[in-house]
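Fold and contact review
Listed below are the residues making up each chain.
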Amino acid sequence: MDAERGSVRSVPSVVRRSAPPAAAGRRTDAPRTDAPRAGIRRTPAQLPRSRRPLPEEPPAGTTSPWILMYHSVAVEKEDPYQLTVSPERFAEQIAWLHRRGRRGVSVRELMRARAAGRADRLVGLTFDDGYADFARHAVPILQAYGFTATAYVVADLLGRANDWDTEGPRKTLLTVQEVTDLAAAGWEIGSHGLGHRALPGLPAEVLAAQTRESRRVLEEVIDGPVTGFCYPYGAVDLAATHAVRDAGYDYACAIGHSVLTGRYALPRCYVGDHDGAWRLRAKRGRHRLRDTVTELRRRRLAARAGRTARPEPKGRADGGEGGGPERPGGERTSNRRVR
């Protein structure tokens, strides 16, 4: 979604380092270590298609990583889906993370650091749908603080518009050239499927196309591996997680916590234009609470499944009542369809 009409500027003009907008009133001398390098073009040599898989994620019982979910960074008069953050507010949010001693990184970097036990002060930054304003407004601010991020793009809609949002403003999407230049400069490009379709309920062959074909297309565009997937609308079920895993991705991002929460359904924290410092702190606390609740729910379900699977004891010789299996309770889980 991009509020700005007209032609899309080329990425090289926006990936140079620049300070956050003056309106934010924040420091501009933030460290720039590990930031994507502007203007770096990939050599013509073909990168290997194979890649070494990430180590397994930490065992159940540990908290999930804190990942922030953005969509569009622009100025909008109408934003019915509340997916747009102004550049000034975005600069304030990034400055707040920096003051708190945290560093925003791509999910790819976050997962590798987590596997190595070095993710304590890292925060995943994600941008869904691949709006062109990511390159124009978000990238310069992130570079000023030495932050990185992941942009999830719809492989077959590059350079087009967000036609799936019927009530929202028309926003242009990153072009093929912009995605290529962003990847070459070090920004992670992930898949957001094909056509921005929700995956739950789709036939197996369609799921395979959504995951495998979108990855193949993007790997050809960026001339390198695509290791991350993001479920359109945050909608996910067990079949979708299996399709993503079988397509060779290292991880996948969802939105809410559920019994599927894990490497292939990472929960994320929605960030909007109204989120200042205190709201971000509250959302961090809520994320931790939901981690705890999700783990308790998993243990309850596992215990019930174990009791249900236990063979029914034989009745007592005196004709007493046998100890049949306990009936599972009505535990419900749901995945809200969120844009």
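Cut-offs applied
- Per chain, residue numbering runs from 1 following the sequence as it is written.
- Reporting of local features is limited, given that this is a predicted model, to residues whose pLDDT is at least 70; pairs of side-chain atoms are given and counted only at 80 or more, and all residues count toward the totals for whole chains, interfaces and linings.
- The side-chain quantities take in all heavy atoms of the structure and omit both hydrogens and water.
- Only DSSP runs of H or I with at least four residues qualify as helices, and only runs of E with at least two residues qualify as strands; both kinds are numbered from the N terminus onward.
- Only protein chains enter the area calculation, which uses a 1.4 Å probe; residues under 20% of their type maximum are buried, those over 50% are exposed, and those in between are partly exposed.
- Residue contacts follow a heavy-atom distance rule, with two residues in contact if any of their heavy atoms lie within 4.5 Å.
- Accessible areas in this description were obtained via Shrake-Rupley with a 1.4 Å probe; residue shielding takes into account the shown protein chains only.
- Stacked, tilted and edge-to-face are the three classes assigned to paired rings of Phe, Tyr and Trp, where Trp is represented by its six-membered ring and a pair needs centres within 6.5 Å; plane angles under 30 degrees give stacked, over 60 edge-to-face, the rest tilted.
- Our arc is simply the arc of the directions from the helix axis toward the C-beta atoms.
- Being paired, for any two strands, means DSSP has found at least two bridges between them.
- Note on handedness: a crossover is taken as right-handed if, strands pointing away from the viewer, the path from the first strand over the helix to the second is clockwise.
- Lines fitted to the C-alpha atoms define the axes, with helices restricted to the stretch that makes contact. Angles between their N-to-C directions range from 0 to 180 degrees.
- Small angles under 35 degrees read as roughly parallel and large ones over 145 as roughly antiparallel, with 65 to 115 read as roughly perpendicular and the rest as oblique.
- By convention the crossing between two helices is left-handed if the near helix lies anticlockwise of the far one by an angle smaller than a right angle, and right-handed if it lies clockwise.
- Three classes are used: nonpolar for Ala, Val, Leu, Ile, Met, Phe, Trp, Tyr, Cys and Pro, charged for Asp, Glu, Lys and Arg, and polar for all others, with Gly counted as polar.
- For every residue, the pLDDT score states the predictor's confidence, bounded by 0 at the bottom and 100 at the top.
- We define a salt bridge as a contact between a side-chain nitrogen of Lys or Arg and a carboxyl oxygen of Asp or Glu at a distance within 4 Å.

Here we look at the overall build of the protein chain
Along the protein chain, the regular secondary structure elements total seven helices and 10 strands. Here the protein chain holds 339 residues, and 49% of them are scored as buried. Considering only intrachain contacts with a sequence separation of at least 6, the fraction spanning at least 24 residues in the protein chain is 73%. A total of about 16,300 Å² of accessible surface is found on the protein chain, and carbon and sulfur atoms cover 50% of it.

Notes on the packing of aromatic side chains
Summed over the entire model, instances satisfying the criterion amount to eight aromatic pairs. Consider the rings of tyrosine 70 and phenylalanine 90, whose centres lie 5.1 Å apart with planes at 85 degrees: the pair is edge-to-face. With tyrosine 70 in strand β1 (residues 67-70) and phenylalanine 90 in helix α1 (residues 87-99), this residue pair connects regions lying 20 residues apart in the sequence. Arranged with centres 4.8 Å apart and planes meeting at 50 degrees, the rings of phenylalanine 127 and phenylalanine 134 form a pair that is tilted. Overall, phenylalanine 127 belongs to the buried group, its relative accessible area being 2%. Judged by relative accessible area, phenylalanine 134 falls into the buried class, the value being 2%.

Structural notes on helix α2 (residues 107-115)
Every buried residue of α2 is listed here: Val107, Leu110, Met111, Ala113 and Arg114. Taken around the axis of α2, the buried residues stretch over an arc of 165 degrees, which confines them to a single face. Turning to α2, the residues buried within the fold contact β1, β4 (103-105), β5 (122-127), β6 (150-153), β7 (188-191) and β9 (251-253). Looking at the residues trailing α2, positive phi occurs at glycine 117, about 75 degrees.

So, the pairing of β7
Burial of the side chains of β7 extends over both faces: Glu188 and Gly190 are buried on one face and Ile189 and Ser191 on the other. Bridge count between β6 and β7: four bridges; the pairing is parallel. Bridging from a neighbouring strand, threonine 150 pairs with glutamate 188 of β7. Traced from β6 through helix α4 (residues 176-184) to β7, the parallel crossover comes out right-handed.

What about the packing of α1 against helix α3 (residues 133-144)?
In the contact formed by α1 and α3, the axes pass within 10 Å of each other and the chain directions differ by 25 degrees. In terms of orientation, α1 lies roughly parallel with respect to α3. Crossing angle aside, the handedness with which α1 passes α3 is right-handed. Facing Pro87, Phe90, Ala91 and Ile94 of α1, the residues of α3 in contact are His137, Ala138, Ile141 and Leu142. Taken together, the residues of the contact of α1 with α3 sort by class into seven nonpolar, one polar and no charged.

Looking at the confidence of the model for the protein chain
With 73% of its residues at a pLDDT of 70 or more, the protein chain has an overall mean of 80. Confidence over residues 1-35 falls short of pLDDT 50; this stretch has 95 contacts with residues more than four positions distant or in other chains. Every residue in residues 37-61 is under pLDDT 50, and counting partners more than four places away or in other chains gives 48 contacts.

Let's talk about the pattern of salt bridges
Overall, the coordinates contain 13 salt bridges when judged by the stated rule. The shortest N-O distance in the salt bridge between aspartate 128 and arginine 268 comes to 2.7 Å. Of this pair, aspartate 128 sits in the loop between β5 and α3 while arginine 268 sits in the loop between β9 and β10 (269-270); the two residues are 140 residues apart in sequence, bridging distant segments of the chain. Across the pair, arginine 268 and aspartate 128 agree in class, each one buried. Among the ionic pairs, lysine 283 bridges to aspartate 275, the shortest N-O distance being 2.7 Å. Pair check on accessibility: lysine 283 and aspartate 275 agree, each one buried. Where salt bridges share partners, they join Glu213, Arg216 and Glu220 into one cluster.

A closer look at the pairing of β1
Along any regular strand the residues' side chains alternate between the sheet's two faces. Of the two faces of β1, the one holding Ile67 and Met69 and the one holding Leu68 and Tyr70 are both buried throughout. Relative to β5, β1 runs parallel, the two sharing four bridges. When the sheet's bridge partners are listed, methionine 69 is paired in β5 with threonine 126. Bridge analysis of β1 against β10 gives two bridges, and the strand direction is parallel. Across the sheet, leucine 68 pairs through a bridge with cysteine 269, a residue of β10.

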